[in-house]
Amino acid sequence: MSDESKESKVETAKRASRQLRGSIGETLAGETTHFEQDDQHLLKFHGTYQQYDRVARRAAGAGREERAYAFMVRCKIPGGVVTADQYLALDAAADEWAGGTLRITSREGLQFHGVLKDDLKATIRRVNETLLTTLGACGDVCRNVMACPAPVSDPAVAQARDLAAQIARELTPRTRAYHEIWLDGEKVETTESEEPFYGTQYLPRKFKVAVALPQDNCVDVFSDDVGLVAVIRDGVLAGVNLLVGGGLGMTHGKGDTFARLATPLGYVEAGQAVAAVRTIAGMFRDYGNRVERRHARLKYVIEEWGLENFRAEFVRRADFALRPSVETGRWDFHDHLGINAQGDGRWFYGLFVESGRIKDTSTRRTKSALRRIVRELRPGIVLTPTQNLLLTDLPRGWIERVEEILDEYGVVRSARVSLARRYSMACPALPTCGLAISEAERVLPEVIDAFERELAEL
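All figures in this text were calculated on a predicted structure; none of them were measured in a lab.

Draft legend 1. Highlighting the overall build of the protein chain. In terms of helices and strands, the protein chain carries 14 helices and 15 strands. A burial count over the protein chain gives 53% of its 458 residues as buried. When contacts within the protein chain are restricted to residue pairs at least 6 apart in sequence, long-range pairs at least 24 apart make up 69% of them. Summing over all exposed atoms, the protein chain offers an accessible surface of approximately 20200 Å²; the carbon and sulfur share of this is 51%. Averaging the locations of the 62 positively and 65 negatively charged side chains of the protein chain gives two centres separated by 2 Å.

Draft legend 2. Summary view of the sheet that holds strand S1 (residues 48-61). One open sheet accounts for five strands, arranged S1-S2-S5-S4-S13; its pairing is antiparallel. Two strands bound the open sheet, and with one partner strand each, they are S1 and strand S13 (357-358). Across four bridges, strand S2 (residues 64-75) lies against strand S5 (residues 110-115) in antiparallel orientation. Paired with Cys 75 across the strands is Leu 110, a residue of S5. The sheet strands contacting helix H4 (residues 84-97) are S2, strand S4 (102-104), S5 and S13, and the helix crosses S5 at an angle near 15°.

Draft legend 3. Up close: the pairing of strand S9 (residues 236-244). S9 sits mainly inside the fold: eight of its nine residues count as buried. The sheet contact formed by strand S8 (residues 226-233) and S9 spans eight bridges and is antiparallel. Note on S9: the bridge partner recorded for Gly 227 is Leu 243. Adjacent in sequence and paired antiparallel, S8 and S9 are bridged by two residues, among which Asp 234 carries a positive phi angle near 55°. The pairing of S9 with strand S10 (residues 263-269) spans six bridges and is classified as antiparallel. By the bridge assignment for S10, Val 240 is matched with Val 268.

Draft legend 4. Representation of the sheet that holds S8 in the model. Spatially, S6-S7-S8-S9-S10 is the arrangement adopted by the five strands of the open sheet, whose pairing is mixed. Each edge of the open sheet carries a strand with a single partner, namely strand S6 (146-147) and S10. Across the sheet, helix H10 (residues 307-317) touches S9 and S10, and the angle it forms with S10 is around 20°.

Draft legend 5. How the structure looks around unusual backbone geometry. Backbone torsion omega between Leu 430 and Pro 431 reads 10°, so that peptide bond is classified as cis. By the element assignment, Pro 431 lies in the loop between helix H13 (419-422) and helix H14 (440-457). Here the phi dihedral of Glu 108 falls at roughly 65°; this positive angle occurs in a residue that is not glycine. The residue Glu 108 is located in the loop between S4 and S5 in this model.

Draft legend 6. Molecular detail of the packing of aromatic side chains. The tally for this structure, following the rule as stated, stands at twelve aromatic pairs. Between Phe 45 and Tyr 202, the aromatic rings sit 5.2 Å apart at their centres with planes inclined by 55°, giving tilted as the arrangement. Linking Phe 45 in helix H3 (residues 37-45) with Tyr 202 in the loop between helix H7 (177-182) and strand S7 (209-212), this pair joins segments that are 157 residues apart in sequence. There is no split in this pair, since Phe 45 and Tyr 202 are both buried. With centroids separated by 5.1 Å and ring planes inclined at 75°, the aromatic side chains of Phe 197 and Tyr 198 adopt a geometry described as edge-to-face. Across this residue pair, the class does not change: Phe 197 and Tyr 198 are buried. Pairwise contacts between aromatic rings join Phe 45, Phe 197, Tyr 198 and Tyr 202 into one cluster.

Draft legend 7. Structural view of H10. Along H10, the positions that sit buried rather than exposed are Phe 310, Glu 313 and Phe 314. The buried residues of H10 occupy an angular sector of 105° when the element is viewed end-on, so they sit on one face. Turned more than 90 degrees from where H10 packs its buried face, Glu 308 and Arg 316 sit exposed. Structurally, H10 contributes buried residues whose contacts are with S9, S10, helix H8 (273-287) and helix H9 (298-305).

Draft legend 8. Layout of a nonpolar patch on the surface. Side chains of Val 447, Phe 451, Leu 455 and Leu 458 sit close together on the surface and give an oily, nonpolar patch of about 450 Å² of accessible area. Secondary-structure assignment places Val 447 in helix H14. Using a relative accessible area of 37% as the deciding quantity, one classes Val 447 as partly exposed.

Draft legend 9. Just the side chain of Asp 91, in detail. Within the secondary structure layout, Asp 91 lies in helix H4. A polar contact is formed between the side chain of Asp 91 and the side chain of Lys 367, at a distance of 2.9 Å.

Rules used in this analysis
Residues numbered from 1 in each chain as written. Predicted model: local features only at pLDDT ≥ 70, side-chain atom pairs only at ≥ 80, totals over all residues. Heavy atoms only, no water. Helix = DSSP H or I, 4+ residues; strand = E, 2+ residues; numbered from the N terminus. Buried < 20%, exposed > 50% of the residue type's maximum accessible area, 1.4 Å probe, protein only. Contact = heavy atoms within 4.5 Å. Areas by Shrake-Rupley, 256 points an atom, 1.4 Å probe, with all protein chains shown as cover. Lys, Arg positive; Asp, Glu negative; His and termini not counted. Charge placed at Lys NZ, Arg CZ, Asp CG, Glu CD. Pairing = 2+ DSSP bridges. Axes fitted to C-alpha atoms, helices over the stretch in contact; angles between N-to-C directions. Phe/Tyr/Trp six-rings, centres within 6.5 Å; stacked < 30°, edge-to-face > 60°. Arc of directions from axis to C-beta. Patch = residues over 30% accessible without salt bridge, like charges linked within 9 Å, V, L, I, M, F, W, Y side chains within 5 Å. Salt bridge = Lys/Arg side-chain N within 4 Å of Asp/Glu carboxyl O. Polar contact = N/O pair within 3.5 Å; in protein donor to acceptor, adjacent residues only side chain to side chain.

Printed below as a string of structure tokens:
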């Protein structure tokens, strides 16, 4: 652990937060439109980011204007699995408080954008009423745990999803602050025992975990702090190969920051996979950089120590065997779009959603089409790492009905989407992101249109 006199301001704010309470509750009940700096850091643990429109401003009284503050609210959905009822409730919440759009994230979650402070509590409460949560969707904890979304009925896929859910439960913050602030839970005296794993300062920074199948790396395990590659024997997930230290983030102009692909650590039996991830998270908690946030990722710990030293510390802490990694065969990638057999006599339809933004425009009413399909057919829904979604558990005859509805609302069938558009991605960017230098999501369709014209000529 780092010297308190040298720790970053974020670390000081976490330690003084009374297990993520800060003054969030008081500010939430007040008349201001936003939260002050320390609470902004704490809000992330609760699943929301404070943002502001970098162009617009709002009247603040007495002839003054202030930034047009609004909030992004992110749902944590391990493995991206959503029921029809949950989807419809989130769809309605988007209409009520988030400007009528939902956004699928590249970690198989859903986000609301543009939520005002006065609507923040109602939005988070609505998410919890669906039996989902926003707790831990952001912040210095284990983020949403990903799992390969298909083939839907494969027992190994179900086991991978279940493993993702188990890891998510194991590393979810235990603080009562979330229920006190957002769900009107009973206020309790804060103690360190509220967070037996995370303590008072949680992790040095975010911690990302994904579970992949050996034949399909759609979750990109090499970019995660911990990647688990399923080892299948006789159709059953028998164990996992552990990959550690992935991360693609780097700071422009800072040569001491870098992207890194995860490297193999070893193999553990399936029953020890959750404990293995907890052990690695504990090492990051204890040895991650709490002075310089640019270096506060697991990849820098591994680079500084060397993989063999890291492996030795893992073995010292674990009360189970770490064996050499198992050969799993050829890697592949699938985005699971279009019409696909589930393997159980039913089918799923992979729907392309540009930039993950579920919205209606004058020509393409994706949000209304999805609402109609979910209300009428009651499919299962699985969000994908490529910001698309799967409509699952459909009898073969219902696929035609899905495409009829898509056609009626002007939504392009997945089979007709060009490869240039199919594999394109854009962040929300301007106007709300303080780091963005371009309006990536807004201009992406026009850029892809230009690509398609050039490709057609060629």
